[in-house]
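# Structure assessment
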Amino acid sequence: MDKRVQEFMETVKVRNSHEPEFLQAVQEVAETVIPYIYEHDIYAGKNILSRIVEPERLISFRVCWVDDDGVIQINRGYRVQMNSAIGPYKGGLRFHPTVNQSVLKFLAFEQVFKNSLTTLPMGGGKGGSDFDPKGKSDDEIMRFCHAFMSELFRHIGHDTDVPAGDIGVGAREVGYLFGMYKKLRNEFTGVLTGKGLSWGGSQIRPEATGYGAVYFADSMLKRKGDEIKNKIILISGSGNVAEYAAEKCIQLGGKVVTMSDSSGYIYDKDGINQEKLDFIKDLKNVKRGRISEYVKEYPSAVFHQGKTPWSEKCDMAFPCATQNELHKEDAETLVKNGCICVTEGANMPSTIEAVTVFHKAKILFAPGKASNAGGVATSGLEMTQNALRYKWTRMEVDEKLKDIMKDIHASCEQYGAEDDGFVNYVKGANIAGFVKVADAMLAQGVI
Ligand code: NDP
Ligand code: 2IT
């Protein structure tokens, strides 16, 4: 590791020693941004990155609610308001038992760079709870969401901080959260994104992260004169991002052979077509079932319990489940099996060692902060429509999303292209995201 990066990381480690995910996300950015800072005098002596790694505000609160058996449950809620240099804090809420301060700080940190890349005026934030939605009744979900918002409402607002969904938070949860916010504040504003279409939501927001990731992969392939048509594709996850990444791959003629959840993955040698994907959407979003049930409906498919899909042969891979789900050995297997393109739909699904393998092999690799930015970008478009009290058509929003993903790809190329024509998308995304935020911070002074 570069000595300057090492020194910087030592100081960050002292302050955040029990936060491995946060340290991982910071290291990945520091490795590319610190050399850039040293090459550009305007950042000298300003401690910009040291300021960016410190949240502007970190809120932690108790959430009490009563379950269906009348038992009082206690969870922990958080909101990390990381950086507001270029706009109000913006980022999702995650409900998952693994949520803690480290996970939310890593996500909020990534969000700062991602939101900067979208070209829209959004700062970075993230929040959530260690609440586990699995197995909870609809009433319990509602009571939890209402209890969570009964504290969060004090800290957010359409010009202050605008949350949205993430793992465990989809349209249903956003509805309950919005309802309580509206009641407590007595105002109908765009304080959350991912709302339903009839009450302020945007067309394409549910699809945007998955579609956007595929648009980004398409740009990477096109640059090399290639396309998604006929490619064999591995997808992990079967939630919001995975479902719509699969849908767009299918529409563009790709053959998606895997999807997964935390219990394992299904392999369908015939490919998951739109009809099979509709079955998965209904299974996961309406019936709230498990991906293993796919093989009962389609017996030619196989379920691999407790495994991730990366050992299957493919041309392209989209990790769309969670952080650190793709390790060094998985990356080596993917490369050995001929995979030419890995596009992150999830946030930080590949470990630092896995990314090094992709870079050494010089295959196309898109980090989540670039390739999954379509979701928050479309949230930004939802905020604009709410502010205008106006609605764009499905086609209009999709066109804007495509343009934004092309712009993000171009920014990555601008800062990440190497002499031999290879694009280091990690370097490109980090530096392009950093420059906009850092310049705004310099303009605003020491605050
Ligand atoms: P969902 O809750 O809709 O789906 C999550 C999926 O990932 C499920 O299939 C879930 O399986 C699986 N998963 C979750 N945790 C684990 C785990 N620890 N190990 C294995 N599988 C796991 O979430 P999203 O699709 O919204 O989010 C997926 C990823 O995409 C996350 O990294 C999120 O931060 C990122 N992202 C989301 C955006 C959005 O707009 N929603 C935008 C940008 C990024 P199971 O049901 O078994 O838990
Ligand atoms: O990680 C992410 O970018 C999200 N979960 C979406 C955030 C948003 O505000 O739409």
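For the structure given in this document, a descriptive report is provided here. (Residues numbered from 1 in each chain as written. Chains lettered and ligands numbered in written order. Predicted model: local features only at pLDDT ≥ 70, side-chain atom pairs only at ≥ 80, totals over all residues. Heavy atoms only, no water.)

### Points about the overall build of the chain
Each helix and strand in the chain was counted, giving 16 helices and 12 strands. The C-alpha radius of gyration of the chain comes to 21 Å, within 12% of the 22 Å expected for a compact globule of 447 residues. In terms of overall dimensions, the chain has C-alpha extents of about 60 × 55 × 45 Å along its principal axes. Out of the 447 residues belonging to the chain, those deemed buried represent 57%. Restricting to contacts in the chain with at least 6 residues of sequence separation, those with at least 24 account for 71%. On the chain, roughly 18,300 Å² of surface is accessible, and the fraction owed to carbon and sulfur atoms is 50%. Separation between the mean location of the 55 positive side-chain charges and that of the 59 negative ones in the chain comes to 2 Å. (Helix = DSSP H or I, 4+ residues; strand = E, 2+ residues; numbered from the N terminus. Rg over C-alpha atoms; globule rule 2.2 N^0.38 Å. Buried < 20%, exposed > 50% of the residue type's maximum accessible area, 1.4 Å probe, protein only. Contact = heavy atoms within 4.5 Å. Areas by Shrake-Rupley, 256 points an atom, 1.4 Å probe, with all protein chains shown as cover. Lys, Arg positive; Asp, Glu negative; His and termini not counted. Charge placed at Lys NZ, Arg CZ, Asp CG, Glu CD.)

### Focus on the sheet that holds strand S4 (residues 124–129)
Hydrogen bonds between backbone atoms are what pair the strands of a sheet, whose relative direction is either parallel or antiparallel. Strands sit in the order S1-S2-S4-S3-S5 across an open sheet of five strands; the sheet is mixed. Looking at which strands have only one partner, the edges of the open sheet turn out to be strand S1 (57–66) and strand S5 (161–164). Taking the axes of each pair of neighbouring strands and ignoring which way they run, one obtains an average angle of 20° across the sheet. Pairing geometry for strand S2 (residues 72–83) and S4, over six bridges, is antiparallel. Within S4, the position partnered with Gln81 by the bridge is Gly125. (Pairing = 2+ DSSP bridges. Axes fitted to C-alpha atoms, helices over the stretch in contact; angles between N-to-C directions.)

### Side note on a nonpolar patch on the surface
A grouping of Val66, Ile72 and Ile74 is seen on the molecular surface, where their side chains present a nonpolar patch of about 290 Å² in accessible area. Its place among the elements puts Ile72 in strand S2. Residue classification places Ile72 among the exposed residues on the basis of a relative accessible area of 58%. (Patch = residues over 30% accessible without salt bridge, like charges linked within 9 Å, V, L, I, M, F, W, Y side chains within 5 Å. Salt bridge = Lys/Arg side-chain N within 4 Å of Asp/Glu carboxyl O.)

### Regarding the site of ligand 2
Looking at ligand 2, there are 14 residues lining it, with Lys90, Lys114, Lys126, Asp166 and Ser379 nearest. Here an oxygen atom of ligand 2 sits 3.0 Å away from a polar atom, N or O, in the side chain of Gln111. Within the side chain of Lys114, an N or O atom sits 2.7 Å from an oxygen atom of ligand 2. Those elements that provide at least two residues to the shell around ligand 2 are strand S3 (89–95), helix H4 (101–117) and helix H14 (373–388). For the shell around ligand 2, the class distribution of residues is two nonpolar, seven polar and five charged. (Near = heavy atom within 4 Å. Polar contact = N/O pair within 3.5 Å; in protein donor to acceptor, adjacent residues only side chain to side chain. Nonpolar A, V, L, I, M, F, W, Y, C, P; charged D, E, K, R; others polar.)

### Quick look at the sheet that holds strand S7 (residues 255–261)
Overall, mixed pairing links the seven strands, which are arranged S9-S8-S7-S6-S10-S11-S12 in an open sheet. Edge positions in the sheet fall to strand S9 (302–305) and strand S12 (364–366), since each has one partner strand and no second. Averaged over all pairs of adjacent strands, the angle between strand axes in this sheet comes to 15°, irrespective of strand direction. Of the strand pairs in this sheet, strand S6 (residues 232–236) and strand S10 (residues 316–319) are connected by four bridges, and their pairing is parallel. By the bridge assignment, Ile233 is partnered in S10 with Met316. Its contacts with the sheet place helix H8 (residues 240–251) against S6, S7 and S10, and it is angled at close to 175° to S7.

### Some remarks on the packing of aromatic side chains
Under the defined criterion, the tally for this structure stands at 22 aromatic pairs. Between Phe216 and Tyr425, the aromatic rings sit 5.8 Å apart at their centres with planes inclined by 70°, giving edge-to-face as the arrangement. Here Tyr425 lies in helix H16 (residues 425–444) and Phe216 lies in helix H7 (residues 205–223), a separation of 209 residues in the sequence. Each of the two residues, Phe216 as well as Tyr425, counts as buried. An aromatic cluster is present here, built from Phe61, Trp65, Phe95, Phe131, Phe144 and Phe148 joined pairwise through their rings. We note Arg4 situated over the ring of Tyr38; from NZ or CZ to the ring centre the distance is 4.6 Å. (Phe/Tyr/Trp six-rings, centres within 6.5 Å; stacked < 30°, edge-to-face > 60°. Lys NZ or Arg CZ within 6 Å of the ring centre and 35° of its normal.)

### Looking at the side chain of Asp268
Within the fold, Asp268 resides in the loop between strand S8 (264–267) and helix H9 (274–286). Setting aside its immediate chain neighbours within four residues, Asp268 contacts Val257, Lys276, Tyr294, Ser300 and Ala301.

In short, geometric facts, not functional conclusions.
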